[in-house]
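Here's the letter readout for the chains.
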Amino acid sequence: MGFSCKNGFFETKQGHFVQWVHIQREGTDSKGVIFAPPLVGGAFSHEIKNMRKLIRSGYDLFSFNYAGHGKSSGKFRLKSTLDNTAEALEFLIRRSNGKPLYAVASCYSAIPLIHAAHRKNEPLKKIALINAICHINPKAVINAFLSYHRNALDGRLSVTQMNENFRLYMAFLFPGINISRHFFGALLRRRTDVIKTLWDVLTMNPLASVRIERTPVLGLYGKQDRVLRMYDGDVGVNYERQILEKCPRTTFRPLHCDHFISSRKSRELARNTILAFFG
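Conventions adopted
Residues numbered from 1 in each chain as written. Predicted model: local features only at pLDDT ≥ 70, side-chain atom pairs only at ≥ 80, totals over all residues. Heavy atoms only, no water. Salt bridge = Lys/Arg side-chain N within 4 Å of Asp/Glu carboxyl O. Helix = DSSP H or I, 4+ residues; strand = E, 2+ residues; numbered from the N terminus. Buried < 20%, exposed > 50% of the residue type's maximum accessible area, 1.4 Å probe, protein only. Contact = heavy atoms within 4.5 Å. Pairing = 2+ DSSP bridges. Disulfide = S-S within 2.5 Å. Expected span 1.5 Å × (residues − 1). Patch = residues over 30% accessible without salt bridge, like charges linked within 9 Å, V, L, I, M, F, W, Y side chains within 5 Å. Areas by Shrake-Rupley, 256 points an atom, 1.4 Å probe, with all protein chains shown as cover. Lys, Arg positive; Asp, Glu negative; His and termini not counted. Charge placed at Lys NZ, Arg CZ, Asp CG, Glu CD.

A. Representation of the pattern of salt bridges in the model. Tallying each qualifying case throughout the model produces 9 salt bridges. Between Asp 83 and Lys 79 there is a salt bridge whose closest N-O contact spans 2.9 Å. Residue Asp 83 and its partner Lys 79 are both found in helix α2 (residues 78-95); the two are separated by 4 residues, about one turn of the helix. Judged by its relative accessible area of 14%, Asp 83 falls in the buried class.

The structure is reproduced here in structure tokens:
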């Protein structure tokens, strides 16, 4: 069975253009379409790579690039991830020809996904969340960085070393991602509205009044995830409670892995668990 890969652009209500990709199985044997919002600093090519075995197991895949990423127009800010994801989901619904829709989201991309599903009256059959976060907590992030900074300096705070330590801290949290003051992965600083992004970080609570009441959700999370540990030191009961506040029909599966599910055994377990959950 072959595949076709279509891509293009849809226009947003703000007049920007969002780049999308849709991988479809040829014929009529598709089990459904997986909607996969990208990571900030990532691109839909990463989602294709990460989801390739799910595609081979019978699913189509739809993803896109946020504003400021790839060939999508406009400058990036966190608010744009909410708008882009909601409009991408609406665009997919129109072109899916009635196929069942599923979704997979990791880390921050869980926020715009849950927001979009709520905004569009829960059109997804099932959702799989991987090391998801459900709220932006600048205080937790700052405290985690300051703790790292103090440890790196044996308890002495040094403003002159703050920038370098921040770079090292980001590399510690996100190993393997190219990070500098000019870019974060695929996101260039010059394509980012820095002031509005900082404003969003400090003021936004996108899921404040959002709950996914009807949709079954699978929650996979790594017990050794450094990012989740900023919000919950033990990554356990408190973390699950945070997810359940937004997605009450969540079934959890803890994994002994890091944020990127680096080990092959954990990746296979995660993939098989998602496939079984989607059914």
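Moving on from the coordinates now.
B. A look at the environment of Leu 92. Following the sequence through the fold, Leu 92 ends up in helix α2. When the C-alpha positions of Leu 92 and Phe 35 are compared, they lie 8.2 Å apart, and in sequence the two are 57 residues distant. Residues in contact with Leu 92, not counting those within four places in the same chain, are His 22, Val 33, Phe 35, Phe 62 and Leu 101.

C. Just the pairing of strand β9 (residues 217-222), in detail. Counting buried positions along β9 yields 6 of 6 residues, so the element is predominantly enclosed. Side chains of β9 alternate between two faces, with Val 217, Gly 219 and Tyr 221 and Leu 218, Leu 220 and Gly 222 buried alike. Of the strand pairs in this sheet, strand β6 (residues 126-130) and β9 are connected by 4 bridges, and their pairing is parallel. When the bridges of β9 are listed, Leu 129 appears paired with Gly 219.

D. A look at the state of the cysteines. Following the criterion strictly, the structure yields 0 disulfides and no others. Unpaired in terms of disulfides, Cys 134 finds its nearest cysteine sulfur in Cys 247, a separation of 5.6 Å. Under the relative-accessibility criterion, Cys 134 is labelled buried at 6%.

E. Here's a closer look at α2. Compared with the 26 Å implied by 1.5 Å per residue over 18 residues, the 26 Å span of α2 between its first and last C-alpha is a close match. Within two residues after α2, Asn 97 carries a phi angle of roughly 55°, on the positive side.

F. Region of interest: a positive patch on the surface. A contiguous patch of positive charge on the surface is contributed by Lys 49, Arg 52, Lys 53, Arg 56 and Arg 267. At 4 residues, helix α1 (residues 44-56) tops the list of elements feeding residues into the positive patch.

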